Amino acid sequence: FVWVSVLLVAVFFLVLSPWLIRNWFTFGHFSLASISSYQLYFYDAPAVYAHNHGLSYGEARQFLEQDIRKYVSVGRFDDYMTFEVSKVLSGRARHYLAESWTGLVIIRAILFFKFFVRDGLHYWQEFGLQSFIVRIGIWVERGVLALLSLGLGLSLWRTLRQRDFVSGVSGFLIILVVYFALLTGAVASAGLRFPVESLIILVGLGGFKIFRKA
């Protein structure tokens, strides 16, 4: 398992190395992108801050947007996505995330759950579409996603029972899905689920097939 993991990580970085090197020479950062600090501060930190201080997500986000102006000055909001301010954003994000480790664990657990049962249709309500049909569609969508997640759980149970995580295809696919689920932040829906959406469907349906055969 260790050697296979090392090999996968080595191949991953080998493929990405030209872009990482390019960013090092261009911006002085050996990183894929500058967006990670922006995501951490403006999406992950507000969720934890809201939980710790009894605020809504919107109120927490508004507070953090105002607070960061004490530490860095930008010409426009999009400049927060650049490498020049990424170090400050990361530092302030870690400050608020570390306020309460219990709160951080709770929020990450909630977001991990939402990753599997919440997709993009709920955004329709946020843009003013409050019709009965939209609400029904959201619950149908969540029901389908919940069933697929149950199937994924069955696949996981089968894989653990066979102790075949290294060579088992389903085990490898589950690791990929869980990897994305653990890293996803407050935007635990459409955009971040897209890379593994097909894997969730595949492994989920596979779990029901395995269960039916058993």
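So, here is what we can say about the structure in this document.

Thresholds applied
- The residue count restarts for each chain, going from 1 along the sequence in the order it is written.
- It should be noted that, the model being predicted, local features are given only for residues of pLDDT at least 70 and side-chain atom pairs only at 80 or more, the latter also being counted only at that level, while totals for whole chains, interfaces and linings use all residues.
- Note that water and hydrogens are dropped before the side-chain values are worked out from all heavy atoms of the structure.
- By definition, a salt bridge exists where a carboxyl oxygen of Asp or Glu is found within 4 Å of a side-chain nitrogen of Lys or Arg.
- Per the convention used, a helix needs a DSSP run of H or I reaching at least four residues, while a strand needs a run of E reaching at least two, with both numbered from the N terminus.
- Exposed residues in this analysis have more than 50% of their type's maximum accessible area, buried residues have under 20%, and partly exposed residues fall in between, with area computed by a 1.4 Å probe over protein chains only.
- Contacts between residues were defined by any pair of non-hydrogen atoms, one from each residue, lying within 4.5 Å.
- Centre distance within 6.5 Å is the pairing criterion for rings of Phe, Tyr and Trp, where only the six-membered ring of Trp is used; planes under 30 degrees apart are then read as stacked, over 60 as edge-to-face, and the remainder as tilted.
- Only when the NZ of Lys or the CZ of Arg is both within 6 Å of the ring centre and within 35 degrees of the ring normal is a charge said to sit over the ring.
- Directions from the helix axis toward the C-beta atoms define the arc.

Let us now look at the pattern of salt bridges. The final tally for this structure, using the stated rule, is six salt bridges. One salt bridge in this structure joins Arg92 and Asp67, with 3.6 Å as the shortest N-O distance. In this pair, Arg92 is assigned in helix α4 (residues 83–97) and Asp67 in helix α3 (residues 57–67), connecting sequence segments 25 residues apart. Arg92 sits in the buried class, given a relative accessible area of 15%. Asp79 is the salt-bridge partner of Arg76, the closest N and O atoms lying 3.7 Å from each other.

This brings us to the environment of Ala181. Here Ala181 lies in helix α8 (residues 169–183). Put simply, Ala181 and Arg108 are 73 residues apart on the chain and 9.6 Å apart in space, counted from C-alpha to C-alpha. Residues within four places of Ala181 in sequence aside, it is in contact with Phe112, Phe115 and Phe116.

Further remarks concern the packing of aromatic side chains. Counted by the stated rule, this structure contains 15 aromatic pairs. A ring pair is formed by Tyr38 and Phe77, whose centres lie 6.1 Å apart and whose planes are at 80 degrees; its orientation type is edge-to-face. Of this pair, Tyr38 sits in helix α2 (residues 35–53) while Phe77 sits in the loop between α3 and α4, placing them 39 residues apart in sequence. Here Phe77 falls in the partly exposed class, since its relative accessible area comes to 33%. Every member of this aromatic cluster is reached through a ring pair, and the members are Tyr38, Tyr41, Phe42, Tyr43, Phe77 and Tyr80. For the cation-ring pair, Arg142 lies above Trp139, with the distance from its terminal atom to the ring centre recorded as 5.3 Å.

So, on to α3. Restricting attention to buried positions, one finds in α3 the residues Ala60, Arg61, Leu64 and Asp67. What you see down the axis of α3 is that its buried residues fit within an arc of 130 degrees, all on one side.

These figures capture arrangement, not role.
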